[in-house]
Amino acid sequence: MSANLTESLEPPKVGATLQNLRQAQGLSLDELSRRAGVSKSMLSQIERNQANPTVAVVWRLANALRVELSELLSGERPAAPAIETVAAHATPSLASPDGLCTLRILGPIDLAGQFEWYELTVQPGGALESAAHEPGSREHLSVLGGELEVSAGGLKQLLRSGETARYAVDGPHAIRNRSAAPATALLVVLHP
């Protein structure tokens, strides 16, 4: 049997693609498990390439992640249209546990882990606190309305509407709203 024939008999490895899509959408294994109706342990095994999912499981995962079945199987995204539009209701968002911070994920999934951008809304008293990212990572925060305080590298800086801060995030960092009014900003994360 030739090497090419042996390779073609291998089932597709969807683990890395599944993990990348899940993380890009900010989903935990628990959340994806709930959405897709697939056990958390099975998802973990699939992501580590320790189990090959059935067609029915791949179909449920693709639907839960809102991607084409072929993208999950091949790891390749279909050709993008000349102009791709994402409806406001289809833009994924994440909320802090206290509900005072909301991140709308504006960047495409395929750039997650490299270049990400978000619309950030922080209610009065809210804080988006983050652990260290990988060495060399930076954030760019542009305040569109209100005031936000950035803490990074042991320093704090107050930003008013129209101002931008650029800072290293390879240590713990935070964005806080200490004012009495909500604040909005664009947050860009650059990974090395």
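Every value quoted in this text rests on a predicted model; they were computed, and no experiment measured them.

What to know about the pattern of salt bridges
And step 1. Within the structure shown, the criterion is met by eight salt bridges.
And step 2. Residue Arg104 is joined to Glu119 by a salt bridge in which the shortest nitrogen-to-oxygen separation is 3.6 Å. Taken together, the residues span a long stretch of sequence, with Arg104 in strand S2 (residues 101-105) and Glu119 in strand S3 (residues 115-122) at a distance of 15 residues.
And step 3. Using a relative accessible area of 24% as the deciding quantity, one classes Arg104 as partly exposed.
And step 4. Glu119 gets classed as partly exposed once you look at its relative accessible area, which sits at 26%.
And step 5. Among the charged side chains, a network of salt bridges with common partners joins Glu31, Arg34 and Arg35.

Digging into the nonpolar core
And step 1. Core analysis: the biggest nonpolar cluster contains 21 residues, and Leu120, Leu128, Leu141, Leu148, Tyr167, Ile175 and Leu187 have the highest contact counts within it.
And step 2. Of all the elements in the fold, those that place two or more residues in this core are S2, S3, strand S5 (138-145), strand S6 (147-152), strand S8 (164-168) and strand S10 (183-190).
And step 3. Among the elements that take part in this core, S10 stands out by supplying four residues, more than any other.
And step 4. When sequence neighbours within four positions are dropped, the list of residues in contact with Leu128 reads Cys101, Leu103, Leu120, His173, Ala174, Ile175 and Leu187.

Some remarks on the sheet that holds S8
Strand pairing in a sheet takes place through backbone hydrogen bonds and is either antiparallel or parallel in direction.
And step 1. Pairing is antiparallel across the open sheet formed by six strands, whose spatial order is S1-S2-S3-S10-S5-S8. Where the open sheet ends on each side, the last strands, each with one partner, are strand S1 (93-95) and S8. Shown here is a sheet whose adjacent strand axes are inclined to one another by a mean of 20°, direction ignored.
And step 2. With seven bridges connecting them, S5 and S10 associate as antiparallel partners.

Quick look at unusual backbone geometry
Note: most peptide bonds trans; most residues except glycine with negative phi.
And step 1. Phi angles above zero are rare outside glycine, and Asn49 is one such case at about 55°.
And step 2. Mapped onto the secondary structure, Asn49 falls in the loop between helix H4 (40-47) and helix H5 (55-65).
And step 3. Under the relative-accessibility criterion, Asn49 is labelled partly exposed at 38%.
And step 4. Phi is positive for Arg66, close to 60°, though the residue is something other than glycine.

Details of the sheet that holds strand S9 (residues 173-176)
And step 1. Spatial ordering of the open sheet is given by S4-S9-S6-S7, a layout of four strands whose pairing is antiparallel. Only two strands of the sheet have a single partner each, and these edge strands are strand S4 (127-130) and strand S7 (155-160). Ignoring strand direction, the axes of neighbouring strands in this sheet form an average angle of 15°.
And step 2. Relative to S7, S6 is paired through six bridges, and the arrangement is antiparallel. Bridge pairing in S7 links Glu149 to Leu158.

Scoring rules and cut-offs
Residues numbered from 1 in each chain as written. Predicted model: local features only at pLDDT ≥ 70, side-chain atom pairs only at ≥ 80, totals over all residues. Heavy atoms only, no water. Salt bridge = Lys/Arg side-chain N within 4 Å of Asp/Glu carboxyl O. Helix = DSSP H or I, 4+ residues; strand = E, 2+ residues; numbered from the N terminus. Buried < 20%, exposed > 50% of the residue type's maximum accessible area, 1.4 Å probe, protein only. Core = buried A, V, L, I, M, F, W, Y, C linked by side-chain atoms within 4.5 Å. Contact = heavy atoms within 4.5 Å. Pairing = 2+ DSSP bridges. Axes fitted to C-alpha atoms, helices over the stretch in contact; angles between N-to-C directions.

No statement about biological role is implied by the geometric values presented.
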